[in-house]
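Each chain is listed here by its residues.
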Amino acid sequence: MNANSAAASASAGRRFPGGFYWGVATSAYQVEGAWDEDGKGESIWDRFAHTPGKIKNNDTGDVANDHYHRHEEDVALMKSIGVTAYRFSVAWPRIFPDGTGRPNPKGVGFYSRLVDELLAAGIEPFATLYHWDLPQALQDRYGGWQSMETVRAFADYAGYVAGQLGDRVKHFFTINEFRSFVEAGYRGTDAKVGGGKTVHLAAPPELQLPPAGLNQVRHHAVLGHGLAVQAIRAHGRADTEAGFAENMAVAVPVIGTPEHVKAAETATRELNAAFLTVMLEGRYTDAYLADAGSDAPRFTDEELTTIASPVDFAGINVYRPNVYVAPSDRPPGYHVIPISASHPTMASAWHIFDPEVMYWAPRQVSSLWQPKSIFITENGCAAADQISEDGNIYDSDRVMFLRACLTQLQRATSEGLPVHGYFHWSAQDNFEWLSGFGDRFGLIYVDFTTLERIPKLSAQWYREAARLNAVV
Ligand code: FCB
């Protein structure tokens, strides 16, 4: 048996369905650089990163991977590692430097060229419209997502981009990670990291709103999504598809019996009440409204219908279990189990390692809401990548992580769950929110002094998995 047929037989039975997308993901601020070139306006992340002390080592995305100028090389690299889909984000302030008003043709031109290059390389473009880089002008004028003005401006921008790119881009994600930018930006959030410890995260615009204000921002974010879906349908083509990319909170059952599985589903539905649940059900859960009491968001029935505008797919970013739960006889039907202090983590402190989340997340989404299609829009891990003496980067931990997570995803597809693609975060090492260039997430290593790119061991793994459409 030669090496190729051995690999093929090792993966037999671990195949994904035909047409499964093997993707990679990035976002504009994290890779593009060229922060003020070709008429781009300032974003809230430009302002934040330019403020000393906000980001580790005072790193900024001013240059980042210089993808804005090196996109041809980057598309070629993606092709060389077997990628068949690329999820990138469009920087709103490149298109509308002031948030609204006159579009900037040079900004549109950049994404248009990128899309053409991707298609020529046989890579399907998937565009995210909001990966947090709000035009600073909208923050200054309206207080960002606190105002319906921003919500409406977002829908206008989404429709405009769908009109410009919709002849070639068939999949649009409205907003990336509602939970992250709303909670970290408008209140400050604590992520549980095991042993009762938490990590505090605060992002621009660094507000600390009281509960009523925060709930209203949450509501505006999902309303922005719903209006954007409608705008994409109005300005795209008949076959343009739209959905969201949310980092749903996942409650993982520790024991796979029906009672535990049900308890975990109930928990997941509640944990996502303000985002995923309302977008897919068109209603806030009773428990969410009761808990919020007089701080509940103000909304109309018509807004709820808009929020739940039918989507073509649900995109979920899946990195870690948020909680483990067990059933309970008392309402709400589950209780949360503490995460052990010795629970394994990947290199980031927040990154509790449990590949099973990659099975339970799509299974719960499917069983709770039956979307037509599901994409894993992000999954990946940071690692202490170093160039070894022979010039290679042996990221054995990332290979372990990939193999373990994709094994669980293949388990999901083999049970018939409609997962149609996986996007690894990230294509390349990049600028990470808050931690700068310290946290390396890429399949491709980047030397941030020379900007040289070197595919890692995990890129080789990914190429083989994509080639065989299977866990290898
Ligand atoms: C997600 C973000 C993405 C990246 C990864 C590590 O929360 O969507 O931009 O930073 O985490």
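Whatever comes next refers back to the structure up there.
No experiment lies behind these values; they were computed from the predicted model shown.

Moving on, we come to the environment of L402. Of note, L402 is situated in helix α16 (residues 396-414). Setting aside residues up to four positions removed in sequence, L402 forms contacts with Y422, H424, L443, S458, W461 and Y462.

Attention now goes to the nonpolar core. Among the nonpolar cores identified, the biggest contains 124 residues, and W92 and W145 are the most heavily contacted of them. If sequence neighbours within four positions are ignored, W92 has contacts with G99, Y130, D133, L134, P135, L138, W145, T150, A153, F154 and Y157.

Around the ligand lies a shell formed by Q30, H131, W132, N176, E177, Y319, E378, W425, E432, W433 and F441. Between Q30 and the ligand, the recorded distance is 2.8 Å, taken from a side-chain N or O atom to an oxygen atom. One of the side-chain nitrogen or oxygen atoms of E177 is found 2.6 Å away from an oxygen atom of the ligand. Isolated, the ligand exposes 300 Å² of accessible area, and the fraction of that covered by the protein chains is 91%. Grouping the amino acids of the shell around the ligand by side-chain chemistry returns 5 nonpolar, 3 polar and 3 charged.

In terms of burial, strand β1 (residues 21-25) is largely enclosed, as 4 of its 5 residues are buried. One ladder, built from 5 bridges, connects β1 with strand β13 (residues 419-425); its direction is parallel. Of the residues in β13, the one forming a bridge with A25 is W425. When β1 meets strand β2 (residues 85-89), the two strands line up parallel, connected through 3 bridges. The residue of β2 that forms the bridge with G23 is A85.

A separate point is empty space enclosed by the protein. Tallied over the entire structure, the rule returns 4 cavities of 30 Å³ or more. Of the volumes computed, that of the largest cavity is approximately 70 Å³. For the largest cavity, the full set of lining residues is A28, Y29, E32, G33, W35, K40, S43, D46, G61, A91, R94 and D133. Residues that form the lining of the largest cavity fall into these classes: 4 nonpolar, 3 polar and 5 charged.

With that settled, consider the sheet that holds β1. With parallel pairing, 8 strands are arranged side by side around a closed barrel as β1-β2-β3-β4-β7-β9-β12-β13. In this sheet, neighbouring strand axes are inclined to one another by 25° on average, regardless of whether the strands run parallel or antiparallel. By the bridge criterion, 4 bridges tie strand β4 (residues 171-176) to strand β7 (residues 241-246) in an arrangement that is parallel. Opposite F172, over in β7, you have A242 as the bridge partner.

Attention now goes to the sheet that holds strand β8 (residues 251-253). Spatial ordering of the open sheet is given by β8-β10-β11, a layout of 3 strands whose pairing is mixed. Lying at the two open borders of the sheet, with one neighbouring strand each, are β8 and β11 (334-337). Going from strand to strand, the sheet's axes swing by 45° on average, the running direction of each strand aside. Alignment of β8 against strand β10 (residues 323-327), held across 3 bridges, turns out to be parallel. Considered in β10, the bridge of P253 is made with V325.

Using the criterion set out here, one finds 42 aromatic pairs in the structure. Between W45 and F48, the ring centres sit 5.2 Å apart and the planes meet at 70°, which makes this aromatic pair edge-to-face. Note that W45 and F48 are positioned in helix α3 (residues 44-49) at a spacing of 3 residues, about one turn of the helix. A relative accessible area of 5% means that F48 is categorised as buried. Between the aromatic rings of Y319 and W350, the centroid separation amounts to 5.7 Å while the plane-to-plane angle is 80°, which identifies the pairing as edge-to-face. Here W350 lies in the loop between β11 and α15 (357-369) and Y319 lies in the loop between β9 (313-317) and β10, a separation of 31 residues in the sequence. The exposure class assigned to Y319 is buried, which follows from its relative accessible area of 12%. The exposure class assigned to W350 is partly exposed, which follows from its relative accessible area of 27%. Through a chain of ring-to-ring contacts, the aromatic side chains of Y29, W45, F48, W132, F431, W433, F437 and F448 assemble into a single cluster. The ring centre of F173 lies 5.3 Å from the NZ or CZ of R87, which sits over that ring. When the ring centre of Y359 is taken as origin, the NZ or CZ atom of R411, which lies over that ring, is 3.5 Å away.

Right, let's talk about the pairing of β2 for a bit. Regular strands place their side chains on alternate faces of the sheet. Of all 5 residues that make up β2, 5 are buried, and the element is covered over most of its length. Residues A85, R87 and S89 point to one face of β2 and Y86 and F88 to the other, with burial holding for every one of them. In this sheet, strand β3 (residues 124-130) lies alongside β2 in parallel orientation, the contact comprising 5 bridges. Within the sheet, the bridge partner assigned to F88 lies in β3 and is A127.

The next subject is the environment of N379. Tracing the backbone shows N379 in the loop between β12 (374-378) and α16. Of the residues examined, N379 reaches a relative accessible area of 1% and is grouped as buried. The residues touching N379, leaving out its near neighbours within four places in the chain, are V318, Y319, M358, F401, C405, Y422, F423, H424 and W425. Of note is the side chain of N379, whose polar atom sits 2.6 Å from the side chain of Y422.

Right, let's get into the environment of L129. Along the chain, the position of L129 falls in strand β3. Taking the C-alpha atoms as reference points, L129 and S27, separated by 102 residues in sequence, lie 9.7 Å from one another. In contact with L129, not counting residues within four places along its chain, are V90, F154, Y157, A158, V161, F172, F173, T174 and I232.

Before going further, it helps to examine helix α8 (residues 148-165). The end-to-end C-alpha separation of α8 is 26 Å, in line with the 26 Å expected for 18 residues at 1.5 Å each. Among the residues of α8, those classed as buried are T150, V151, A153, F154, A155, Y157, A158, G159, V161, A162 and L165. The elements touched by buried residues of α8 are α5 (92-95), α6 (105-120), β3, α7 (136-142), β4 and α10 (211-235).

Rules behind the numbers
Residues numbered from 1 in each chain as written. Predicted model: local features only at pLDDT ≥ 70, side-chain atom pairs only at ≥ 80, totals over all residues. Heavy atoms only, no water. Helix = DSSP H or I, 4+ residues; strand = E, 2+ residues; numbered from the N terminus. Contact = heavy atoms within 4.5 Å. Core = buried A, V, L, I, M, F, W, Y, C linked by side-chain atoms within 4.5 Å. Buried < 20%, exposed > 50% of the residue type's maximum accessible area, 1.4 Å probe, protein only. Near = heavy atom within 4 Å. Polar contact = N/O pair within 3.5 Å; in protein donor to acceptor, adjacent residues only side chain to side chain. Areas by Shrake-Rupley, 256 points an atom, 1.4 Å probe, with all protein chains shown as cover. Nonpolar A, V, L, I, M, F, W, Y, C, P; charged D, E, K, R; others polar. Pairing = 2+ DSSP bridges. 1 Å grid on protein atoms, 1.4 Å probe; cavity = no way out; pocket = protein on both sides within 12 Å on 5 of 7 lines; lining within 4 Å. Points joined across faces, edges and corners; volume = space filled by probe spheres on them. Axes fitted to C-alpha atoms, helices over the stretch in contact; angles between N-to-C directions. Phe/Tyr/Trp six-rings, centres within 6.5 Å; stacked < 30°, edge-to-face > 60°. Lys NZ or Arg CZ within 6 Å of the ring centre and 35° of its normal. Expected span 1.5 Å × (residues − 1).

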